[in-house]
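A structural walkthrough
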Amino acid sequence: MSTNEFKYCPVASKASQALENGRDMRIAIRELRRSMATCHNCPQREGCTVRLAFRQEISAAIRAVVEEWGLDRQDPPVNRARRHQDQAAERMGEVSELVRQLMGDVLLFIEHASCLKLRRYQEQVARAVIDSVIHARGESIVVMFPRQSGKNELQAQIETYLLTLYCSMDVELVKVSPTWKPQTLNAMRRLERVLERNLLVQGWWSKSSGYIYQLEQAVIFFLSGEPTTNVVGATANLLLQCDEAQDVQIAKWDKDFAPMAASTNATRVFWGTAWT
């Protein structure tokens, strides 16, 4: 990529630097992020070949991780640890290796692509959820946080990571909140904010029907768990979440939501808040 064509583009030099030398992940990501705000508001962003080239490199790197881990196979191996890193690094460019490092660890992804450092207790939950999902364990995980401890932010970060990792596959995530307004609306706004601030997926996602978010082929549905809501059509083949689970009626959950993951072995996460 030549930066001469983008003499006045604030991102071109940083993107080229990352493409040419992505070995220092922290510096490359930090420097590129500093220019992304201006890039996002640039009137030429839709047809910008710098953004297009960077997006193509990111997509290729994510697909490489999916293939290496065996996530695209019907019966993936139990051990999906990062294998043959040296051989993979030789096949991919520097920016691909940079993205591959981020996608290889949910904590690195959140820290460097979303620019958020999780607290220790958040890290443990993130690793447990992602481990269950990528190894297709189908575990039911109960998480209880006190209020104002970053529960909803962690949910949005996990959702963004999974949408990115599985963007080339037909997967569906479902998230249930006790009410449509304000809880489901708040959850969607938080995910939108994380998606739009994340370096790898900014401007890449789309929203439809008012409650469906999509990143290429990966989709997440936001649904209300109110007793009177009519819930149809969604299937959780990757992750089924229930936020503020203590406020969702058991009968409603068992009738409308539990069957969404019954045949898919999807991981189920029940998020709750202690009141006392």
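Every chain begins its residue count from 1, and numbering advances along the sequence as written. Reporting of local features is limited, given that this is a predicted model, to residues whose pLDDT is at least 70; pairs of side-chain atoms are given and counted only at 80 or more, and all residues count toward the totals for whole chains, interfaces and linings. In computing side-chain values, all of the structure's heavy atoms are included and hydrogens and water are not.

All right, on to the nonpolar core then. Residue types Ala, Val, Leu, Ile, Met, Phe, Trp, Tyr and Cys, when buried and joined through side-chain atoms within 4.5 Å, form a set referred to as a nonpolar core. For each residue, the accessible area found with a 1.4 Å probe, counting protein chains only, is set against the maximum for its type, and the residue is called buried under 20%, exposed over 50%, and partly exposed in between. The biggest cluster of nonpolar side chains holds 53 residues, and the ones touching the most others in it are Met103, Tyr161, Leu162, Leu165, Tyr166 and Leu200. Whether two residues touch is decided by their heavy atoms; if any such pair falls within 4.5 Å, the residues are in contact. Dropping the residues within four chain positions of it, Leu162 is found in contact with Ile130, Val133, Leu173, Leu238 and Leu239.

This part takes up the environment of Ile62. Helix and strand assignments follow DSSP, with helices taken as H or I runs no shorter than four residues and strands as E runs no shorter than two, numbered in order from the N terminus. Within the secondary structure layout, Ile62 lies in helix α3 (residues 49–69). Here Ile62 falls in the buried class, since its relative accessible area comes to 0%. C-alpha separation for the pair Ile62 and Glu97, spaced 35 residues apart in sequence, amounts to 9.9 Å. The contact partners of Ile62, leaving out residues within four places of it in the chain, are Val99, Met103, Thr164, Leu165, Cys167 and Trp204.

Turning our attention to the pattern of salt bridges. Each reported salt bridge corresponds to a side-chain nitrogen of Lys or Arg within 4 Å of a carboxyl oxygen of Asp or Glu. Tallied over the entire structure, the rule returns 13 salt bridges. For Arg193, the salt bridge is made with Glu153, and the minimal N-O distance between the two is 2.3 Å. Of this pair, Arg193 sits in helix α9 (residues 180–197) while Glu153 sits in helix α8 (residues 151–165), placing them 40 residues apart in sequence. By relative accessible area, which is 34% here, Arg193 ends up partly exposed. The exposure class of Glu153 is buried, given its relative accessible area of 15%. Its salt-bridge partner being Glu192, residue Lys207 comes within 3.2 Å of it at the nearest N-O pair. Pair noted here: Lys207 is in strand β3 (residues 206–208) and Glu192 is in helix α9, with a separation of 15 residues, a long-range link. Given the relative accessible area of 41%, Lys207 is considered partly exposed.

Looking now at the packing of α8 against α9. The relative placement of two packed helices is expressed as an angle between their axes plus a distance between the axes. Remark: α8 packs on α9, axes separated minimally by 9 Å, with the N-to-C direction vectors making an angle of 55°. One element, α8, and the other, α9, form an angle in the oblique class. Where α8 crosses over α9, the two elements pack in a sense that is right-handed. Contacts between α8 and α9 involve Asn152, Glu153, Ala156, Gln157, Glu159 and Thr160 on the former and, on the latter, Arg190, Leu191, Arg193, Val194 and Leu195. Here the nonpolar group is Ala, Val, Leu, Ile, Met, Phe, Trp, Tyr, Cys and Pro; Asp, Glu, Lys and Arg are the charged ones; every other residue, Gly included, is treated as polar. Here the contact of α8 with α9 is built from residues that sort into four nonpolar, three polar and four charged. Lines fitted to the C-alpha atoms define the axes, with helices restricted to the stretch that makes contact. Angles between their N-to-C directions range from 0 to 180 degrees. In these notes the angle categories are as follows: under 35 degrees is roughly parallel, over 145 is roughly antiparallel, 65 to 115 is roughly perpendicular, and the rest is oblique. By convention the crossing between two helices is left-handed if the near helix lies anticlockwise of the far one by an angle smaller than a right angle, and right-handed if it lies clockwise.

Geometry only, nothing functional implied.
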